[in-house]
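# Understanding the architecture of this molecule
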Amino acid sequence: MQDLEQLKQRISLLHYLQQRHWTARPTARGEEFVGLCPLHRDSRPSFYVNARKNLFYCHGCGQGGDLIRLVELSEQLSFRQSLAFLQRQLASADQTAMLEATAAFFQFQLHRHPEAIHYLHQRGLHDPAVIEELSIGYAPGGNLRHHLTSQGYLFDELLHTGLINPRGSDAFCRRVIFPCREHGRIVNLYGRSIGAAFPHRLLPRSKGGLFAWEIVSRFSTILLVEGLFDLAVLWQSGFRNTTCAIGAHLTPAQLDQLSDPPGRSVYVVFDQDENQAGQRASHSLAQRLASAGISAHIVQLPAGQDPNSYFLAGATAADFTHCLRQARPQ
Ligand SMILES: [Zn+2]
């Protein structure tokens, strides 16, 4: 049961509740907080948390206990299941912290490696504000493992996240890095090779929701592109309503994001491939969007272009706006 005590010490009951948007005010006794009960329909705050003792009690439904008891009741899990649930929460919090540390390290590396900046310029991305806002970094390869282990992360944790491969070398090598966030937390890292290696790489975990959705979701008209360089160049040109699914396929969760709230217009701006692959992908996606009640438009760029290459070839924001205007609803 030593594990159990350690677990309870590492997750504070108050912090756990606050992460789930429980709002509370301190009572006259400083260590105590009161708010609406998460376990029953509560109209007057009757749920008390003692932050020092890590205990709760509700005067409405009469439930009380420690964090594990709260999880048992709120998630309807057995004691053992609740324990496993909390252990998973801790592990995922550790992984998030490790990904944050990794992204910060790569961001720092970007400006120390002229080849990375040169690559961004080559792709038409030069606005320092956009590079900063997207937290773009660079993985030179060969130094992440040392950096993270010196911060106290274990080899096994790095391996488990996929940041290093079983041979012990960095998984991202000579890649420009875009951190993918969900609800503000990094859930994955996308690495674009600047050399001969396979262009795209993600960590072996969910790529999360639509890219930069916290920022883009407030728009009622959305541009959807395939690649993060398409997105970066469009943001740079003022099209801040651009998001990206990293590829031409949307997960059901990403589709849900687009349809909540209902009534959005989505402009699909995929690659115009010579072999028509991009065009076929746009059409099948537009059909999925339409059947989800989203007004979908397919944007035609000149043959062989994607948004990134179109701007690189000299197109202006006005040229791109013209393409948007030509797009027909599906
Ligand atoms: Zn209650």
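In case you missed it, the structure is sitting above this.
Now for a look at the structure at hand. (Residues numbered from 1 in each chain as written. Predicted model: local features only at pLDDT ≥ 70, side-chain atom pairs only at ≥ 80, totals over all residues. Heavy atoms only, no water.)

## Considering the sheet that holds strand E14 (residues 328–329)
Note the threshold: DSSP calls a pair of strands paired once it identifies at least 2 bridges connecting them. Secondary structure follows DSSP: runs of H or I at least 4 residues long count as helices, runs of E at least 2 residues long count as strands, and numbering of each begins at the N terminus. By definition in these notes, contact holds between two residues if any of their heavy atoms fall within 4.5 Å. Whenever a helix is involved, its axis is fitted only over the stretch in contact; in every case the axis is a line through C-alpha atoms, and angles between N-to-C directions fall within 0 to 180 degrees.
Taken in spatial order, the 5 strands make up an open sheet running E11-E10-E12-E13-E14, and their pairing is mixed. Each edge of the open sheet carries a strand with a single partner, namely strand E11 (242–244) and E14. In the packing of helix H10 (residues 228–236) onto the sheet, contacts are made with strand E10 (221–225) and E11, and the angle to E11 comes to roughly 170 degrees. Those strands touched by helix H12 (residues 277–291) are E10, strand E12 (265–269) and strand E13 (295–298), and its axis lies near 170 degrees from that of E13.

## Regarding the sheet that holds strand E8 (residues 185–193)
Pairing is antiparallel across the open sheet formed by 4 strands, whose spatial order is E6-E7-E8-E9. In this open sheet, the two edge strands, each paired with only one partner strand, are strand E6 (137–139) and strand E9 (200–202). Mean inter-strand twist for the sheet, computed between neighbouring axes without regard to direction, equals 35 degrees. Summarising the sheet, E6 and strand E7 (residues 175–182) pair through 3 bridges and their orientation is antiparallel. Counterpart to Tyr138 in the pairing with E7 is Val176.

## What to know about unusual backbone geometry
Going by this rule: Partly exposed describes any residue whose relative accessible area lies between the buried limit of under 20% and the exposed limit of over 50%, with all areas from a 1.4 Å probe on protein chains only and scaled to the type maximum.
Of note, the amide linkage connecting Asp260 to Pro261 takes the cis form, showing an omega dihedral of 0 degrees. Note on placement: Pro261 falls in the loop between helix H11 (252–258) and E12. Within the chain, Ile246 stands out as a residue other than glycine whose phi angle is a positive 50 degrees. Overall, the relative accessible area of 17% leaves Ile246 in the buried class. Even without being a glycine, Gln276 presents a positive backbone phi close to 70 degrees.

## Comments concerning the nonpolar core
What counts is decided by this rule: Each nonpolar core is a collection of buried residues, namely Ala, Val, Leu, Ile, Met, Phe, Trp, Tyr and Cys, held together in the definition by side-chain atoms within 4.5 Å.
Counting 60 residues, the largest nonpolar core has Leu134, Val176, Phe178, Phe211, Leu258, Leu289 and Phe320 as the members making the most contacts within it. When residues of this core are assigned to their parent elements, the largest contribution, 7 residues, is made by H10. One finds Leu7, Leu14, Phe56 and Leu86 within the second-largest nonpolar core, a separate group that totals 22 residues.

## A short note on the coordination of the zinc ion
Note on metal sites: the ideal angle is 109.5 degrees for four tetrahedral donors, and 90 or 180 degrees for six octahedral donors. We count it as follows: Think of the donor list as every N, O and S atom within 2.8 Å of the metal, or within 3.2 Å for Na, K and Ca; water never makes the list, so a site can look incomplete.
The coordination sphere of the zinc ion contains the protein donors Cys37 (SG), His40 (ND1), Cys58 (SG) and Cys61 (SG), at a distance range of 2.0 to 2.3 Å. Taken in chain order, the donor set of the zinc ion reads C-x2-H-x17-C-x2-C. For Cys58, a relative accessible area of 0% corresponds to the buried category. Residue classification places Cys61 among the partly exposed residues on the basis of a relative accessible area of 30%.

## Description of the pattern of salt bridges
This is how it is decided: Within this document, salt bridges are pairs made up of a side-chain nitrogen of Lys or Arg and a carboxyl oxygen of Asp or Glu, the two lying within 4 Å of each other.
Using the criterion set out here, one finds 6 salt bridges in the structure. Ionic pairing is found between Glu133 and Arg240, a salt bridge with its closest N-O pair at 2.4 Å. Within this pair, whereas Glu133 is found in helix H6 (residues 128–133), its partner Arg240 is found in the loop between H10 and E11, the two being separated by 107 residues in sequence. Take Arg240: its relative accessible area is 27%, and that puts it in the partly exposed class. Connected via shared salt-bridge partners are Arg29, Glu31, Glu32 and Arg52.

## Quick word on the pairing of E13
Basically, it comes down to this: Consider the strands pointing away from the viewer: the crossover is right-handed when the path from the first strand over the helix to the second runs clockwise.
Both E12 and E13 contribute to a ladder of 4 bridges, which runs parallel. Looking at E13, one finds that Val266 is bridged to Ala296. After leaving E12, the chain enters H12 and then returns to the sheet as E13, a path that is right-handed. Summarising the sheet, E13 and E14 pair through 2 bridges and their orientation is antiparallel. Each bridged residue has a counterpart across the sheet, and for His297 the counterpart in E14 is Pro329.

## Some words on helix H5 (residues 114–122)
Heads up, the condition is: By construction, the arc corresponds to the directions joining the helix axis to the C-beta atoms.
Where H5 is concerned, the buried positions are Ala116, Tyr119 and Leu120. Axial view of H5: buried residues confined to an arc of 100 degrees, hence all on one face. Among the exposed residues of H5, those pointing more than 90 degrees away from its buried face are Pro114 and His118. Buried residues along H5 sit in contact with helix H4 (79–110), H6, E6, E7, E8 and H10. Phi turns positive one or two residues past the end of H5, at Gly124, with a value near 85 degrees.

## Describing the side chain of Gln305
You can see Gln305 is positioned in the loop between E13 and helix H13 (307–312). Look at Gln305 and you get buried, because its relative accessible area is 17%.

## Considerations on the environment of His249
Within the secondary structure layout, His249 lies in the loop between E11 and H11. Separated by 75 residues in the primary sequence, His249 and Leu324 have C-alpha atoms spaced 21 Å apart. Excluding residues that lie within four positions of it along the chain, His249 makes contacts with Lys207, Gln254 and Arg288.

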